[in-house]
Amino acid sequence: MSTLQVPQTSALSIHEQIEMFGLEACRDLVMTNNTLKPAERKKQVRRLEAAQQAMLDLGIDDISYLHAGLCQTGLPHSKPDSDNEPWQRSNGKFHLIVEPGALVDPATGKAKMVGVPYGAKARLIFLHINSEGMKSKHVYLGKSMSAWMRRLGLDVTGGKTGSIPQFKEQSKRLGRARFSFQFESENGIGISDTQIADKLHLWVSDDGPWLEEIELTDKFFDHLREHAVPLSDHAISYLSSSCLKLDLYAWLAWRLPKLGKPLRLSWDQLKDTFSAQGEPGRLAERLKLALPEVKDVYRDMNVEIARGGLLLKPSKPPIPKTLIAVSKK
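Residues numbered from 1 in each chain as written. Predicted model: local features only at pLDDT ≥ 70, side-chain atom pairs only at ≥ 80, totals over all residues. Heavy atoms only, no water.

(A) Quick peek at the overall build of the protein. For the protein, the helix and strand inventory stands at 13 helices and 14 strands. Counting the 329 residues in the protein, one finds 49% classified as buried. Roughly 16600 Å² of accessible area belongs to the protein as shown, and the carbon and sulfur atoms make up 50% of that amount. (Helix = DSSP H or I, 4+ residues; strand = E, 2+ residues; numbered from the N terminus. Buried < 20%, exposed > 50% of the residue type's maximum accessible area, 1.4 Å probe, protein only. Areas by Shrake-Rupley, 256 points an atom, 1.4 Å probe, with all protein chains shown as cover.)

(B) Representation of helix α1 (residues 14-21) in the model. For α1, every residue scored as buried is listed here: Ile-14, His-15, Gln-17 and Ile-18. An end-on view of α1 places all buried positions within 160° of arc, on one side of the element. Just beyond α1, the residue with positive phi is Gly-22, at close to 90°. (Arc of directions from axis to C-beta.)

(C) Local environment of the packing of α1 against helix α3 (residues 38-55). In the contact formed by α1 and α3, the axes pass within 9 Å of each other and the chain directions differ by 80°. Classed by the angle they form, the pair α1 and α3 counts as roughly perpendicular. Side by side, α1 and α3 meet where Ile-14, His-15, Ile-18 and Glu-19 of the first sit next to Arg-47, Leu-48, Ala-51, Gln-52 and Met-55 of the second. Of the residues contributing to the contact of α1 with α3, the split by class is five nonpolar, two polar and two charged. (Axes fitted to C-alpha atoms, helices over the stretch in contact; angles between N-to-C directions. Parallel < 35°, antiparallel > 145°, perpendicular 65-115°, else oblique. Contact = heavy atoms within 4.5 Å. Nonpolar A, V, L, I, M, F, W, Y, C, P; charged D, E, K, R; others polar.)

(D) Here's a closer look at the sheet that holds strand β14 (residues 309-313). Strands sit in the order β12-β14-β13 across an open sheet of three strands; the sheet is antiparallel. Taken across any chain shown, the strands that pair with only one partner, and hence form the sheet edges, are β12 (263-266) and β13 (302-306). Each strand axis lies, on average, 25° off the axis of its neighbour in the sheet, ignoring direction. Two elements, β12 and β14, share four bridges in a ladder whose sense is antiparallel. Of the residues in β14, the one forming a bridge with Leu-265 is Leu-310. (Pairing = 2+ DSSP bridges.)

(E) Local environment of the nonpolar core. Grouped together as the largest cluster of nonpolar side chains are 72 residues, with contacts concentrated most on Phe-179 and Leu-252. Ranked by the residues each element gives to this core, the list is headed by helix α10 (residues 243-255), at 10 residues. Among the nonpolar cores identified, the runner-up in size contains nine residues, and Cys-26, Val-30, Leu-36 and Ala-51 belong to it. (Core = buried A, V, L, I, M, F, W, Y, C linked by side-chain atoms within 4.5 Å.)

(F) The packing of α1 against helix α2 (residues 23-31), seen in detail. At a minimum axis distance of 7 Å, the contact between α1 and α2 shows a crossing angle of 115°. Mapping the contact onto sequence places Gln-17, Ile-18 and Phe-21 in α1 and Leu-23, Ala-25 and Cys-26 in α2. In terms of residue class, the contact of α1 with α2 is built from five nonpolar, one polar and no charged.

(G) Examining the side chain of Thr-73 more closely. Turning to its location among the elements, Thr-73 is positioned in the loop between α4 (68-72) and β2 (87-91). For Thr-73, the side chain forms a polar contact with the main-chain oxygen of Gly-69, separated by 3.0 Å. In contact with Thr-73, other than residues within four places in its own chain, are Arg-89, Ser-90, Asn-91, Phe-94, Leu-96 and Thr-273. (Polar contact = N/O pair within 3.5 Å; in protein donor to acceptor, adjacent residues only side chain to side chain.)

(H) The arrangement of the environment of Gln-72 in detail. Structurally, the position occupied by Gln-72 is in helix α4. Residue Gln-72 is classed as buried on the basis of its relative accessible area of 14%. In this structure the C-alpha to C-alpha distance between Gln-72 and Leu-252, which are 180 residues apart in sequence, comes to 8.9 Å. Setting aside its immediate chain neighbours within four residues, Gln-72 contacts Asn-91, Phe-94, Trp-251, Trp-254 and Thr-273.

(I) A look at empty space enclosed by the protein. Tallied over the full model, the rule gives two cavities of 30 Å³ or more. Roughly 120 Å³ of internal volume is contained in the largest cavity. What lines the largest cavity is simply Leu-66, Leu-70, Leu-75, Arg-123, Phe-126, Leu-127, Leu-231, Ile-236, Leu-246, Asp-247, Tyr-249 and Ala-250. Elements that contribute at least two residues to the lining of the largest cavity include exactly α5 (119-133) and α10. For the lining of the largest cavity, the leading source of residues is α10, giving four residues. For the lining of the largest cavity, the class distribution of residues is 10 nonpolar, no polar and two charged. (1 Å grid on protein atoms, 1.4 Å probe; cavity = no way out; pocket = protein on both sides within 12 Å on 5 of 7 lines; lining within 4 Å. Points joined across faces, edges and corners; volume = space filled by probe spheres on them.)

As structure tokens, then:
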């Protein structure tokens, strides 16, 4: 599933190729493969480099965290049609509801709904808030957010089409959003409503207010430390441009280590988990394309494409438990 398109080594996984031949030799094989177009060569080299990073020992500073509720389900992939409506996503008997918050526009003096967070950048900001929230209730964005982005190798650019305005918009939406986690059981329905922050500090600039600092609520802070899922910064960086790949990686990192036996899920079941639009077959195509790249950075994931869906098998977590214990101190 994750082999490189190199005829001489196509029977080996990408990690086995690196172990057997070394990174430089594998890179040379890709660059001299005339059957690949230049763009595909570049993509394959990037896969090699990401896979090698996944094979290296991680340090405490290479770990980010995400609340388990956002691993089971995710935020919208694109901007919802309305900024006034809540967002719902389900995974079996678990449901996530994200309600948009409001802000008074300094220019007009009137309250306005800011909408729910969406897209890859909202996911990256939430990862940053969760990761910093493992250390302290006070989470700073701004300079610390830029430093975190650069550490992950992400572009930090200004201007109307740059990354900074987009991160500002999503941080504002995240800071004002209210999250509801709903669980169905034999005994009834359990609901946990969670506001991420008690206090916010928004910096007002020419392009509007944006979140600079937040103080996490006691409830979210305690719940996060109890239910945080550790993820690799290298994996997040590699998958950072795709909502689906980020969601798939986080979901598998949460789900696979919890399995006691193999679990088969149909494309129809997975459609709810990943909030896919249209027919389940469309999601099947997208997941089949995304799985190899997630496998590049989650070497021990044991997932097979089965007839009509995916077969999940018990797997080691992407972050060793010994390292998690140290990083939480």
